[in-house]
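# Structural features, examined
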Amino acid sequence: MRQFTGLTAYCLFILLLLQAPDLRAHHNTFSSPYGITGSFNGDSQAYWVYFTDKDKADFDPLVYFSPKALKRRLQLGLSPDDPDHYPLKPEYLEAVSLLSDTTGVALRWFNSVWVRASADQISQISSLPFVKDIQPAGGWMLTASAMIPPDHNAAMTDKRLRLTAKQKDELQAQLKAMQGQRFAEKGLDGQGIRIAVFDAGFPGVDTHPAFMHMHQEGRIVATRDFFRNSDNVYRGNQHGTMVLAMIGGKLDGVAMGLATAAEYILARTETWHEPMVEEQYWLAAVEWADRMGADIINSSLGYFHHRYFPEQMDGQTSLVARAAVKAARKGILVVNAAGNEGESRYWATVITPADADSVLTVGAVSLPSLLRTGYSSSGPTADGRLKPNVTAVGNVLTANRRAFAQARGTSFSAPLVSGFAACVWQKNRSWNNIQLLRSIERSASLYPYFDYAHGFGVPQAGYFLEGGPHIIPPSFDLIRQDDELIMRIRQSVSPSSETDTGERYAFYHIRSAKGSIRQYFVVRVEQPDVIRLSLNQIQAGDTLYFHYNGFTASYIP
Amino acid sequence: MNRHIINTPGLVHHSGSLRWPGIFILCAGLVLFSGLIRAQTVVIAENVEQQSEKSRYGMGRLHYRHLYMGFGFAAGSPLQSGAELVNRRSPMLEYGMRYRLQYASFLALGADLGLRRQSWFIRQQAGKRIPDSLAYDKEKLVFVALQGAVYQRIHFGARGDHIGRFADLGVFSQWFFHQRHVTHENTGNQSVRIRRSGLDYAENLSYGLFARIGYQNLALKLQYRLSEAFVSSFDLPEPSPWHISLEIGFHPM
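Values in this document were obtained by computation on a predicted structure and should not be read as measured data.

Conventions and cut-offs
Residues numbered from 1 in each chain as written. Chains lettered and ligands numbered in written order. Predicted model: local features only at pLDDT ≥ 70, side-chain atom pairs only at ≥ 80, totals over all residues. Heavy atoms only, no water. Helix = DSSP H or I, 4+ residues; strand = E, 2+ residues; numbered from the N terminus. Buried < 20%, exposed > 50% of the residue type's maximum accessible area, 1.4 Å probe, protein only. Contact = heavy atoms within 4.5 Å. Core = buried A, V, L, I, M, F, W, Y, C linked by side-chain atoms within 4.5 Å. Patch = residues over 30% accessible without salt bridge, like charges linked within 9 Å, V, L, I, M, F, W, Y side chains within 5 Å. Areas by Shrake-Rupley, 256 points an atom, 1.4 Å probe, with all protein chains shown as cover. Salt bridge = Lys/Arg side-chain N within 4 Å of Asp/Glu carboxyl O. Lys, Arg positive; Asp, Glu negative; His and termini not counted. Charge placed at Lys NZ, Arg CZ, Asp CG, Glu CD. Pairing = 2+ DSSP bridges. Axes fitted to C-alpha atoms, helices over the stretch in contact; angles between N-to-C directions. Right-handed = clockwise from strand over helix to strand, strands pointing away. Parallel < 35°, antiparallel > 145°, perpendicular 65-115°, else oblique. Left-handed = near helix turned anticlockwise from the far one by under 90°. Polar contact = N/O pair within 3.5 Å; in protein donor to acceptor, adjacent residues only side chain to side chain.

Along the backbone of chain A there are 14 helices and 25 strands. Counting only residues that meet the buried cut, chain A has 64% of its 557 residues in that class. Put simply, 75% of the contacts in chain A that link residues at least 6 apart link residues at least 24 apart.

The following block contains the structure:
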């Protein structure tokens, strides 16, 4: 009898338990940036519903696009009458809305809408004649960000915001690694370039002196909080504040980023701790940024193990990667952080959308070595492509919501490169985004050498100011002795750049016949014969590549 | 992997014995020129082919194991009167290793193996019958067990290489290798504490069912004991079969 009672109680508990993960979803309401609302049913899941068609009705490019966006499209020879931008058919949205618990973001580029629906509901939706496909999407999670109070710390003391000489040196060193001061000397500061920044919030950007020049000159031209469906982005996580400072902040006359005269559009697409729902906001924001005329998108965000596996980092699996590629096709340079998973036991590779082909993926290096930091995610992508493309300093001094902070992460490397790209584009306005991306790669410190930790190295301003590549004298010799190959440094080599600190590193990798790197190494140079390699174990078709002090050479055994 | 030879000037090995002045000169030379003869330092060495092998082990993959720890209390009312416990003073601590086999995208089988220590703080009141009717100031039964469990896991929602949200249903079994009855009594200005081990009235084995819900490294577990706590010939009432606990999983990143 006792067992029977216990079992009955247990079964009741199990029934309750099976409902539990969804119980908290009950009675939650959701409002999308597109004004569609709904409520949650307990047993529902999230999906993307794709439609078969849409038409041009109600689409007027002159109304839809900002003047700046139209100008960019004309400059790049893109038609403003692009079917990608046609709105979704309202009758389709309405029909799906009636059959689901909730509808969320509607994506014009993908002709799809985010829904939350039960298995029965999704079965009904799939039978609609205009539904082309249904894919599972990220779930819903309420986040702690709703509890973050707005920042009322408008009165900032001068003491906290005065840079010491050491801090000024630190800020300058961050930019000097890219020869950023040379852009400033030539008056290149990103003027005329519009940069969209996607992040988790920008508290303090409306009050902090590091951003006052942007406000005073009216260069924050649009803001959007996709999470709260409002225009107030000056709240939430200060990560965005710190990132924006690295693109174009300025304090005490010292530039924190290189694009101090660029225009900005700020999108809050993330909440407190990067839960699963935010991917849809990133997707909505990229369409919005295109519409608002963004030339560059800086995304110090990415998605990884919450919903993906490393083998899915192929630039085609995630919707954000595909959206980033679409943005690139529309002429936008998408700059994305490589990710901070370099020390992760299970991930290590780049995150998405940094895995997308036409995204400029930025890894982190440390000063003064300019070698990869441990945390910086490495390539290649799951399909063997080179990532990251370039690197920049990742351990930085930056502005936060109230004063300054030391911060580290590829999140801060990406904006440094975004500011760099704005200056290059300002100088070469006729280039398209892919030309810009490739030229930034060519300018980098290791080019044409690359590896999966550093990409092509740290972009160098001098490349764009000195009329392109110049002949670099050999800095080493490759000497074969029996079955060994010796890389011997020439003694006469002088420091390679203004950032040279005396520490030298030689790079080499073994590349297969297919062009992918099998192994790569960095060795500290402490004597002339830096590397001795046994050629016996080099596979047929392999090529060895060596780099030192700006000079690259290959060797085919 | 290729042989990566670091060019390190080697010490010369002499066939004959070195005299003291020779050793001194050699040591002095080593100290003076140590900056010149140090080995090259490989700062980064990556084998991409090894990294690109698809893993079968991980939080969202076929195999996964991790350590866990749980802390909880007895819960509910006794099945028969005379076995009332003070639940909030009847803690349980367990720790061990958990293995999980993910055989479908949202289904997994798992097994736990660990140690468990639980106390039953016996309420001293009229009609008390476990383990006897004698009253003390404080009285408890302590059980230390080796515990095993198998469970079926259901995952909720889309996820990648991640634990995510889950619910487990399973069975457990415990073997008590140490049982103790502890009483505490104040007699005037003297405090008497008595411990008795080898309790012949307590069962050595226990089994039951459990259910667990969790997200990432946190889980709430409810456990129900199906077996009798005491040997039936002693005719002792059954305390509450319920235990509720919070578990923390340790997931190396």
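From this point, the narrative continues.
Our focus in this paragraph is the nonpolar core. Considering soluble globular proteins, one finds that nonpolar side chains tend to be buried as a cluster. Residues and elements named next belong to chain A. Judged by nonpolar contacts, the single largest core of 84 residues is most densely connected at I195, Y264 and L266. Tallying contributions element by element places helix α12 (residues 410-427) first for this core, with 10 residues. If we ignore the near neighbours within four places in the chain, the residues touching I195 are I247, A259, A262, E263, Y264, I265, I296, S418 and A422. Membership of the second largest hydrophobic core comes to 44 residues, among which are Y50, F110, V286 and M313.

Here the focus is a positive patch on the surface. On the surface, a cluster of positive charge is made up of R88(B), R89(B), R123(B), K138(B), R193(B) and R195(B). Relative to the helices and strands, R89(B) resides in the loop between β3 (63-75) and β4 (91-104).

A few words now on the sheet that holds strand β5 (residues 112-117) of chain A. Residues and elements named next belong to chain A. If you trace the 4 strands from one edge of the open sheet to the other, you get β4-β5-β3-β6, paired in antiparallel fashion. The open sheet has two edge strands with one neighbour each: β4 (102-107) and β6 (131-136). In this sheet, adjacent strand axes meet at a mean angle of 25 degrees when their direction is disregarded. Sheet analysis places strand β3 (residues 45-51) next to β5, joined by 6 bridges and oriented antiparallel. Within the sheet, the bridge partner assigned to V49 lies in β5 and is V113. Here helix α10 (residues 279-291) sits on the sheet in contact with β3, β4 and β5, set at roughly 35 degrees to β4.

Residue and element names in this part refer to chain A. Of all the 5 residues making up strand β13 (residues 333-337), 5 are buried; the element is thus mostly covered by neighbouring parts of the structure. Relative to β13, strand β12 (residues 296-299) runs parallel, the two sharing 4 bridges. Looking across to β13, one finds that I296 is bridged to L333. The handedness of the β12 to β13 crossover, carried by helix α11 (residues 319-329), is right-handed.

Residues and elements named next belong to chain A. Residues of helix α3 (residues 67-75) that are buried include every one of K68, A69, L70, R72 and R73, and no others. Of the surrounding secondary structure, the elements contacted by the buried residues of α3 are α2 (61-64), β7 (194-199), β11 (263-268) and α10. Just downstream of α3, G77 is the residue with a positive phi angle, here 70 degrees.

All names here are of chain A. At a closest axis distance of 11 Å, the pairing of α12 and helix α13 (residues 433-443) adopts a crossing angle of 115 degrees. In terms of axis orientation, α12 runs roughly perpendicular to α13. α12 and α13 meet at a crossing whose hand is right-handed. Taking contact as the criterion, the partners of F420, A421, V424 and W425 in α12 are, on α13, N433, L436, S439, I440 and S443.

We now examine the side chain of T381(A). All names here are of chain A. Structurally, the position occupied by T381 is in the loop between β15 (371-372) and β16 (390-393). Taking the relative accessible area as the measure of exposure, T381 reaches 3% and is therefore buried. Polar contacts involving the side chain of T381 include one to the side chain of D383, which spans 2.5 Å. Setting aside residues up to four positions removed in sequence, T381 forms contacts with M313, V350, D355 and K387.

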